[in-house]
Amino acid sequence: MKIAILTSGILPVPAVRGGAVENLIDFYLDYNDKHKLHDITVFSVYAETVEAHPALRSDANHYVFIDTSSIMARIKKKIYGIFHPQGYYHYSIEYYLKEAIKLLKKTPFDMVIIENRPGFSLHLQGMDISIALHLHNDILNEHTPHHREIYSTANKIISVSRYITQRVQTIGDSASKCLTVYNGIHTGDFSPERQFHLQRSDIGLNDNDFVLLFSGRLAPEKGISELIEAMKKLSTLPNIKLLIIGSSFFGNAKEESAFARTLRESAESIKDRIIFTGFVPYKAMPAYLSIADVAVIPSVWNDPFPTTVLEAQAMALPIVTTNRGGIPEEVGKNAIILPVGENFVEELSTSILDLYKHPDLVHEMRLESKSRSKLFTKEKFAENFFKAITQ
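Residues numbered from 1 in each chain as written. Predicted model: local features only at pLDDT ≥ 70, side-chain atom pairs only at ≥ 80, totals over all residues. Heavy atoms only, no water.

### Thoughts on the pattern of salt bridges
Enumeration according to the criterion identifies 17 salt bridges in this entry. Close ionic contact of D30 with K34 constitutes a salt bridge, the shortest N to O distance being 3.3 Å. Here the residue D30 and the residue K34 both occupy positions in helix α1 (residues 20-35), the gap between them amounting to 4 residues, near one helical turn. By relative accessible area, K34 is classed as exposed at 58%. The partner of E383 in a salt bridge is K387, and the shortest N-O contact between them spans 3.3 Å. Taken together, the residues span about one helical turn, with E383 and K387 both in helix α13 (residues 378-390) at a distance of 4 residues. Among the residues examined, K387 registers a relative accessible area of 46% and is labelled partly exposed. Here the salt bridges do not stand alone but share partners, grouping D30, K34 and K378 into one network. (Salt bridge = Lys/Arg side-chain N within 4 Å of Asp/Glu carboxyl O. Helix = DSSP H or I, 4+ residues; strand = E, 2+ residues; numbered from the N terminus. Buried < 20%, exposed > 50% of the residue type's maximum accessible area, 1.4 Å probe, protein only.)

### Details of the nonpolar core
L6, Y96, L133 and I157 are the most contacted members of the largest nonpolar core, which totals 64 residues. Per-element accounting of this core gives the leading share, 6 residues, to helix α3 (residues 91-104). Each residue touching L6, except ones within four places of it in the same chain, is listed here: F43, Y96, L97, A100, V112, I113, I114, E115, F120 and L124. Judged by nonpolar contacts, the second largest core, of 31 residues, contains L218, A230, I336 and M365. (Core = buried A, V, L, I, M, F, W, Y, C linked by side-chain atoms within 4.5 Å. Contact = heavy atoms within 4.5 Å.)

### As for the packing of aromatic side chains
On inspection of all chains with the given rule, the structure shows 18 aromatic pairs. A ring pair is formed by Y28 and F381, whose centres lie 6.4 Å apart and whose planes are at 50 degrees; its orientation type is tilted. One end of the pair, Y28, is in helix α1; the other, F381, is in helix α13, with 353 residues separating them in the sequence. There is no split in this pair, since Y28 and F381 are both buried. With 5.8 Å between their ring centres and 80 degrees between their planes, Y28 and F386 make a pair best called edge-to-face. Pair noted here: Y28 is in helix α1 and F386 is in helix α13, with a separation of 358 residues, a long-range link. Each member of the pair, Y28 together with F386, is buried. By the ring-pair criterion, three or more aromatic residues cluster together here, those being Y28, Y31, F381, F385 and F386. (Phe/Tyr/Trp six-rings, centres within 6.5 Å; stacked < 30°, edge-to-face > 60°.)

### Structural notes on the packing of helix α11 (residues 344-357) against helix α12 (residues 359-372)
Direction vectors running N to C along α11 and α12 enclose 100 degrees, while the axes themselves pass 5 Å from each other. Here α11 lies roughly perpendicular to α12, going by the angle between them. Judged by residue contacts, D354, L355, Y356 and K357 of α11 engage P359, L361, V362 and M365 from α12. (Axes fitted to C-alpha atoms, helices over the stretch in contact; angles between N-to-C directions. Parallel < 35°, antiparallel > 145°, perpendicular 65-115°, else oblique.)

### Thoughts on the side chain of Q313
If you trace the backbone, Q313 turns up in helix α9 (residues 307-314). When sequence neighbours within four positions are dropped, the list of residues in contact with Q313 reads I319, E330, V331, N334, S369, K370, R372, S373 and F376.

Set out below in structure tokens:
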């Protein structure tokens with residue numbers, strides 16, 4: 001099959017600047033390159049660093065880059081925004097789409113896969129092409145602008161969790177075009193069998209500490225404030241330590257939000273038991289996970305399918321998390337799943353204490369995590385993804 005891929009219009013593919021969606025696209029493109037399933041053309045924004053990427057040597061995958069960042073392109077985007085003020089997305093993204101469609105029309109394709117921009121399908125109406133929406137977030141439901149029109153344009157809708165599929169189904173139409181394909185990660189990178197140079201002493205931890213690890217953006221919906229309050233309830237156990245990995249914003253931003261400053265103030269009374277690392281590059285994350293005893297992922301919002309859960313599982317860590325969004329679909333006996341309610345902080349501290357007091361339980365959960373991680377490899381994700389778009 002001859003397939004076109006419309007990316008988000010913000011970050012490039014190959015994922016030289018990161019991005020969860022972009023990394024997943026790389027995973028299935030790599031799988032396609034190895035197995036030669038389809039002839040795929042990716043329409044991506046341009047970045048200088050993509051030119052030397054080995055993925056561009058593929059004979060199964062082809063890359064078409066659209067300039068959105070040069071001075072001339074920025075002028076064109078501004079002009080486009082002035083004359084098209086009512087776009088579905090920001091004018092910068094709409095400009096990328098306009099340029100991509102011009103190129104898309106020059107070659108006949110059997111299918112276009114739209115990555116996490118369901119509104120793009122509105123611009124493809126009337127074209128003789130099958131449309132597959134790949135949804136990574138809760139962005140197509142009964143409250144989405146033009147939801148029925150978007151739904152009707154799609155031949156297939158692939159979501160990253162049953163939770164997202166159920167949100168799509170609030171539109172009220174048949175679920176026959178909705179499929180769930182779980183994300184995967186590079187489990188070779190996230191493996192407890194790997195040797196890491198990072199030691200606990202490098203970041204002020206001791207060998208006999210019971211180390212909890214939180215990783216993610218420092219934002220209210222991530223539940224980090226509640227986790228710090230739970231730590232305060234464990235103040236009589238000084239060797240329970242919390243490692244907080246992440247910054248206020250995506251990437252290595254220097255600014256700190258007001259919420260992040262509030263977190264530090266809240267943690268002041270137990271500052272000897274909490275370590276804020278700030279931003280850590282993704283490649284370094286396995287090393288930090290390797291020194292933890294438990295991963296705590298206390299999301300208080302409906303997180304669609306966080307890869308932090310998959311990464312902790314792959315590193316054979318027990319997990320304390322919540323029943324929000326797609327999280328319960330990722331875990332099994334390797335996790336303590338808590339409801340988010342008025343007793344959340346108390347239940348969080350109790351669960352941590354239970355693991356601290358029962359090393360045998362921690363060991364059993366470690367084994368369960370390692371076993372369950374085999375369900376979420378990047379190869380399994382790619383295999384299931386291509387089955388979904390062709391069935």
